[in-house]
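A look at the structure
These are the residues of each chain, in order.
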Amino acid sequence: MRGFSQVDVFTDEFLYGNPVAVVHDADGLSSEEMAAFARWTNLAETTFLLSPESPDADYRLRIFTISRELPFAGHPTLGSARAWLARGGVPRVPWRPVQECGAGLVTVRAEGARLAFAAPPLVRSGPVTLSELLALAAALRVRPEDIVDAQWADNGPGWVAVLLPSAAAVLAVEPDFSLFGPFESVGVVGPHLDGGDAAFEVRAFVDEGSRFDEDPVTGSLNAAIAQWLIPAGIAAPSYVAAQGTVLGRRGRVHLSQADGEIWVGGDTVLGITGQLAL
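Notes on the structure in this doc start here. Keep in mind it's a predicted model, so treat the numbers as computed, not measured.

**A few points about the overall build of the chain**
Secondary structure summary: the chain contains 5 helices and 17 strands in total. Residues classed as buried in the chain amount to 57% of the 278 residues present. Within the chain, contacts between residues separated by at least 24 positions form 62% of all contacts whose residues are at least 6 apart in sequence. Working note: accessible area of the chain is about 11,500 Å², and carbon and sulfur atoms make up 52% of it.

As structure tokens, then:
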């Protein structure tokens, strides 16, 4: 029997964020067993906490969707850190657990119920080509002239990000997934023009192997968008992004720039704990 947790991430109220399933003490499980369990949970991601291999890490994390393993993902990072701390994990540096994953070492900052991770470096950045922009416009079913800008913003899952003129335009997107072609992870962002608690609205469309789907609240995408928008002066050095609105969620992602790093934070709610026969 192994410990099991399910954590709702980027929300302060259970059922309104993005859940992640976390398997504790996962040493000894094969990749095939991990992938099979991730398919069974049918969540956006399932993670497995293992003993670290790096002397600088507190734990090692493997992250699976229902169709593939990811080197890094944001909401699984925060949810797994919350689950690890809740089961008595003690980081080497107080309230600064260090996660080892496929993208390297990721530092998590714990401040009460809110956790934040230091965004990993982008593996691909820069503007898209004209042909890519036209393909994205067709896939999102928006006019090319309505795209303010589009950038590669990949920190592992393959993100390309599209900036639209407003949050209303983001919420109105009805994509044609059959036209996504080579794009496996597409993010859309636009500013809220009427104030409120969020400066931007974000949506994420991801390839799950056999189908595309919309992710409720996405840490890796918001990290990559902040790494683009804050240095470009499009976003303030500290802002809040809303995500999941069209799915009935109330995700809130807290982005900030400090000491040369982008920090991605959110509240976490430990919703389910128990034992798992795996």
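**Concerning the packing of aromatic side chains**
In total, this model carries 13 aromatic pairs according to the counting rule given. For the ring pair Tyr59 and Trp84, a centre distance of 4.9 Å and an interplane angle of 45° mean the geometry is tilted. Of this pair, Tyr59 sits in strand β4 (residues 59-64) while Trp84 is found in helix α2 (residues 74-86), placing the two residues 25 residues apart along the sequence. The burial state of Tyr59 is the same as that of Trp84; both residues are buried. Judged by centre distance (5.2 Å) and plane angle (65°), the rings of Phe200 and Tyr239 are edge-to-face. Of the two residues, Phe200 sits in strand β13 (residues 200-207) while Tyr239 sits in strand β15 (residues 238-243), which places them 39 residues apart along the sequence.

**Examining the nonpolar core**
In globular proteins that are soluble, nonpolar side chains generally tend to be buried together. In this structure, Phe117, Ile225, Tyr239 and Val264 are the most contacted members of the largest nonpolar core, which totals 49 residues. Considering every element that reaches this core, the biggest residue donor is helix α5 (residues 219-229), with 7 residues. Apart from residues lying up to four places away in sequence, Ile225 is in contact with Ala161, Val189, Val202 and Tyr239. By size, the runner-up hydrophobic cluster in this structure holds 20 residues, among which are Ala139, Trp152, Val170 and Phe205.

**Let's talk about empty space enclosed by the protein**
Evaluated as defined, the whole model comprises 1 cavity of 30 Å³ or more. Approximately 160 Å³ is the volume attributed to the largest cavity. Elements represented by at least two residues in the lining of the largest cavity include exactly α2, β13 and α5. Of all the elements, α2 adds the most residues to the lining of the largest cavity, at 3 residues. Within the lining of the largest cavity, the residues separate by chemical class into 8 nonpolar, 7 polar and 5 charged.

**Remarks on a nonpolar patch on the surface**
Together, Phe14, Leu15 and Ile272 make up an exposed nonpolar region whose accessible area comes to about 270 Å². Assignment of secondary structure puts Ile272 in strand β17 (residues 261-276).

**Focus on the side chain of Thr268**
With respect to the helices, strands and loops of the structure, Thr268 is situated in strand β17. Reaching out from Thr268, the side chain makes a polar contact with the side chain of Arg82 at a distance of 2.8 Å. Ignoring any residue separated from it by four or fewer positions in sequence, one finds Thr268 in contact with Val7, Asp8, Val9, Thr11, Leu78, Arg82, Ala113 and Leu115.

**With respect to the layout of surface pockets**
Put simply, the largest pocket is a space of about 220 Å³. Around the largest pocket sit 14 residues that line it, and Asn42, Leu43, Ala44, Asp213 and Glu214 are the ones nearest its centre. Breaking the lining of the largest pocket down by element, the ones donating at least two residues are β2 (18-23) and β14 (212-215). Looking at the lining of the largest pocket, the element that brings in the most residues is β14, giving 3 residues. For the lining of the largest pocket, the per-class residue count stands at 6 nonpolar, 2 polar and 6 charged.

**Examining helix α3 (residues 130-140)**
Considered for burial, the residues of α3 that qualify are Glu132, Leu133, Leu136, Ala137, Ala139 and Leu140. On an axial view of α3, the arc spanned by its buried residues comes to 165°, and they lie on one face. Exposed side of α3, more than 90 degrees from the buried face: Leu130 and Ser131 are the residues found there. Where α3 is buried, its residues contact β9 (124-127), β10 (149-154), β11 (159-163), β12 (185-191) and β13. Once α3 finishes, Arg141 follows within two positions and takes phi at roughly 55°, a positive value.

**Considerations on the environment of Gln227**
Mapping Gln227 onto the fold places it in helix α5. Along the primary structure Gln227 and Ser125 are separated by 102 residues, whereas in three dimensions their C-alpha atoms are 9.7 Å apart. Not counting the four nearest positions on each side in its chain, Gln227 is found in contact with Ala119, Pro120, Pro121, Leu122 and Ile262.

Thresholds, definitions, all that
- Residues numbered from 1 in each chain as written.
- Predicted model: local features only at pLDDT ≥ 70, side-chain atom pairs only at ≥ 80, totals over all residues.
- Heavy atoms only, no water.
- Helix = DSSP H or I, 4+ residues; strand = E, 2+ residues; numbered from the N terminus.
- Buried < 20%, exposed > 50% of the residue type's maximum accessible area, 1.4 Å probe, protein only.
- Contact = heavy atoms within 4.5 Å.
- Areas by Shrake-Rupley, 256 points an atom, 1.4 Å probe, with all protein chains shown as cover.
- Phe/Tyr/Trp six-rings, centres within 6.5 Å; stacked < 30°, edge-to-face > 60°.
- Core = buried A, V, L, I, M, F, W, Y, C linked by side-chain atoms within 4.5 Å.
- 1 Å grid on protein atoms, 1.4 Å probe; cavity = no way out; pocket = protein on both sides within 12 Å on 5 of 7 lines; lining within 4 Å.
- Points joined across faces, edges and corners; volume = space filled by probe spheres on them.
- Nonpolar A, V, L, I, M, F, W, Y, C, P; charged D, E, K, R; others polar.
- Patch = residues over 30% accessible without salt bridge, like charges linked within 9 Å, V, L, I, M, F, W, Y side chains within 5 Å.
- Salt bridge = Lys/Arg side-chain N within 4 Å of Asp/Glu carboxyl O.
- Polar contact = N/O pair within 3.5 Å; in protein donor to acceptor, adjacent residues only side chain to side chain.
- Arc of directions from axis to C-beta.

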